[in-house]
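Observations on the model geometry
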Amino acid sequence: MKELNRWFVTNRRDLPWRHSPRDPWAVLVSEVMLQQTPVVRVQPAWEAWLARWPDATSLANDQPGEAVIMWDRLGYPRRALRLHSAAVRIRDEFGGRVPDDYDTLLSLPGIGDYTASAILAFAYRRTIPVLDTNVRRVLARSRHGLAYPRGSAVTRTERQELAEILPTSGEQAATTSEAFMELGALICTSQNPVCTQCPLATNCHWYNSGQPANQQPPNRQARFAGSDREVRGRIMQLIRSTPAGVTQAELDLTWPDPAQLSRAQASLVADGLLVETADKRYTLPTS
DNA sequence: TATTCGTGGTG
DNA sequence: TCACCAAGAAT
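Here's what I pulled together on the structure shown here. Predicted, not measured: the structure shown is a model, and the values here were computed from it. (Residues numbered from 1 in each chain as written. Chains lettered and ligands numbered in written order. Predicted model: local features only at pLDDT ≥ 70, side-chain atom pairs only at ≥ 80, totals over all residues. Heavy atoms only, no water.)

**Some thoughts on the protein's contact with DNA strand C**
What counts here: Residues are counted as near a molecule or strand when any one of their heavy atoms sits within 4 Å of it. Polar contact criterion, stated in full: a pair of N or O atoms within 3.5 Å, where within protein one must be able to donate a hydrogen and the other to accept it, and residues adjacent in sequence count only if both atoms are side-chain atoms. Helix and strand definitions follow DSSP, with helices as H or I runs of at least four residues and strands as E runs of at least two, each counted in order from the N terminus. Three categories are distinguished: nonpolar for Ala, Val, Leu, Ile, Met, Phe, Trp, Tyr, Cys and Pro, charged for Asp, Glu, Lys and Arg, and polar for the others, with Gly belonging to the last.
Around DNA strand C lies a shell of 29 residues, among which Trp17, Leu34, Gly110, Thr115 and Gln191 are the nearest. Within 4 Å of the protein, atoms of DNA strand C come from sugar and phosphate in 64% of cases. At 2.9 Å, a backbone N or O of Gly112 approaches a phosphate oxygen of DNA strand C. Residue Asp132 places a side-chain N or O atom 3.1 Å away from a sugar or linking oxygen belonging to DNA strand C. Elements that contribute at least two residues to the surface near DNA strand C include exactly α8 (113–123), α9 (133–144) and α11 (170–186). The element that contributes the greatest number of residues to the surface near DNA strand C is α8, accounting for 3 residues. Along the lines of polarity and charge, the residues of the surface near DNA strand C split into 12 nonpolar, 10 polar and 7 charged.

**Quick notes on the packing of aromatic side chains**
Rules: For this analysis, a ring pair means two rings from Phe, Tyr or Trp (six-membered ring only for Trp) whose centres lie within 6.5 Å, classed as stacked if their planes differ by under 30 degrees, edge-to-face if by over 60, and tilted for the remaining angles. The buried label goes to any residue with under 20% of its type's maximum accessible area, the exposed label to any with over 50%, and the partly exposed label to all in between, with areas taken from a 1.4 Å probe on protein chains only.
Tallied over the full model, the rule gives 3 aromatic pairs. The interplanar angle of 70° and the centroid separation of 4.7 Å between the aromatic rings of Trp49 and Trp53 together place this pair among those described as edge-to-face. Residue class for Trp49 comes out buried when judged on its relative accessible area of 0%. The exposure class assigned to Trp53 is buried, which follows from its relative accessible area of 2%.

**Quick word on the packing of helix α1 (residues 2–11) against α11**
Filter applied, for reference: The axes used here are C-alpha line fits, helices contributing only the stretch in contact, and every angle between their N-to-C directions lies in the interval 0 to 180 degrees. Put simply, angles under 35 degrees are roughly parallel, angles over 145 are roughly antiparallel, angles from 65 to 115 are roughly perpendicular, and the rest are oblique. The contact definition used throughout considers only heavy atoms, calling two residues in contact when any of these lie within 4.5 Å.
Their axes nearest at 9 Å, the elements α1 and α11 cross at an angle of 70°. By the angle between their axes, α1 is roughly perpendicular relative to α11. Every residue of α11 that contacts α1 at Leu4, Asn5, Trp7, Phe8 and Asn11 is listed here: Thr175, Thr176, Glu178, Ala179, Phe180, Glu182, Leu183 and Leu186. Among the residues forming the contact of α1 with α11, the class breakdown is 7 nonpolar, 4 polar and 2 charged.

**Quick notes on the protein's contact with DNA strand B**
With respect to spatial proximity, 16 residues lie near DNA strand B, and among them Arg41, Arg73, Pro77, Arg229 and Arg232 are the closest. When the atoms of DNA strand B within 4 Å of the protein are sorted by group, sugar and phosphate make up 58%. Between DNA strand B and Gln36 there is a distance of 3.1 Å, counted from a base nitrogen to a backbone nitrogen or oxygen. At 2.6 Å, a side-chain N or O of Arg41 approaches a base oxygen of DNA strand B. Elements represented by at least two residues in the surface near DNA strand B include exactly α6 (78–94) and α13 (228–241). Top element by residues in the surface near DNA strand B is α13. It accounts for 5 residues. Within the surface near DNA strand B, the residues separate by chemical class into 4 nonpolar, 5 polar and 7 charged.

**Structural notes on the pattern of salt bridges**
Counted only if it meets this: A pairing counts as a salt bridge when a side-chain nitrogen of Lys or Arg comes within 4 Å of a carboxyl oxygen of Asp or Glu.
Tallying each qualifying case throughout the model produces 16 salt bridges. A salt bridge links Arg18 to Glu182; the shortest N-O distance between them is 2.8 Å. On the criterion of sequence distance, the pair formed by Arg18 in the loop between α1 and α2 (24–33) and Glu182 in helix α11 is long-range, its members being 164 residues apart. Between Arg159 and Asp113 there is a salt bridge; the shortest N-O distance is 3.3 Å. Residue Arg159 is located in helix α10 (residues 156–165), and its partner Asp113 is located in helix α8; the two are separated by 46 residues in the primary sequence. For Asp113, a relative accessible area of 21% gives the class partly exposed. Connected via shared salt-bridge partners are Arg13, Arg18, Glu178 and Glu182.

**A few points about the layout of surface pockets**
For the record, the criterion: In this analysis a 1.4 Å probe is tested at points of a 1 Å grid over the protein atoms alone, and where it fits but cannot get out there is a cavity; an open set with protein on both sides within 12 Å along at least five of seven lines is a pocket; lining residues have an atom within 4 Å of a point. Grid points are joined across faces, edges and corners, and a volume is the space filled by probe spheres set on the points. Bear in mind that the domain bounds are from an automatic or database domain assignment.
Taken as a whole, the largest pocket encloses approximately 1,500 Å³ of empty space. The wall of the largest pocket is formed by 44 residues, among which Leu34, Gln36, Asp132, Thr133 and Asn134 lie closest to the centre. Of all elements in the fold, only α2, α3 (39–52), α8, α9 and α11 reach the threshold of two or more residues within the lining of the largest pocket. For the lining of the largest pocket, the element with the most residues is α11, which contributes 5 residues. For the lining of the largest pocket, the per-class residue count stands at 16 nonpolar, 17 polar and 11 charged. Residues from two domains meet in the lining of the largest pocket; each of domain 1 (2–123) and domain 2 (133–208) gives at least three. When its volume is computed, the second largest pocket comes out at roughly 610 Å³. Along the wall of the second largest pocket there are 23 residues; nearest its centre are Gly75, Tyr76, Pro77, Phe224 and Arg229. Contributions of two or more residues to the lining of the second largest pocket are made by α6 and α13.

This is the structure in structure tokens:
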């Protein structure tokens, strides 16, 4: 991994949540925002978020609807709600401090295996395998000659494989994990990887076997245009811009198909992103 | 295990 | 125009 670390020293992006000393809350917020949202869009949102809510308690003391508004257009607004719920639990159960053990982190809303591991590694500098889509792809290619990892779920084998590669030192393990992720994000990309600039190319099983397309990309998404997700997005855009609440008639203007609108609206209510008031208006959630 | 869940940039 | 994708989680 000497080649990888040398590459990382030179090519490491200066991202604010990597600045030392790393605040676990700031890292947690960054990791949740980065779930399926690109770095370039997360960075300004992360800055604004932490300027307003510098710790979990300050977020917990504010309204969940305010979190949804601040979330703005990062996408998947349920993440904003879950982040607020996690902040409430951190305030109420952990004295406002982000937990530092895997099982407790995993029990928080919106935090799964990747995010729990990332917080432990990047904030607390603990030696733990961090397997995101980038790391999985880099390992699949360099070590197994596969264009993409098999399946969408992290396997025990992958975890063990990475654990054996990682340095013992928590500090060095965290750096190595960041380097793997950075390589996957900048060089060993899903499409059009830049293998000629890859520090692992010499020993890459996939590159040395001619980059065979032997696997399907694991994450094919349903088309967005015309989907319920698009309708939900329309509704959320309206409600974010009108936090005082909207009427059903105003909601009806967001989408031409009444049945689909009704379905999307009901799903938002079920998610807690949309609240029906006593006078039949719709607002963002309050605690 | 396969789906669902936003948004915007890119080729 | 459109498929593909971007530090996943929950069900």
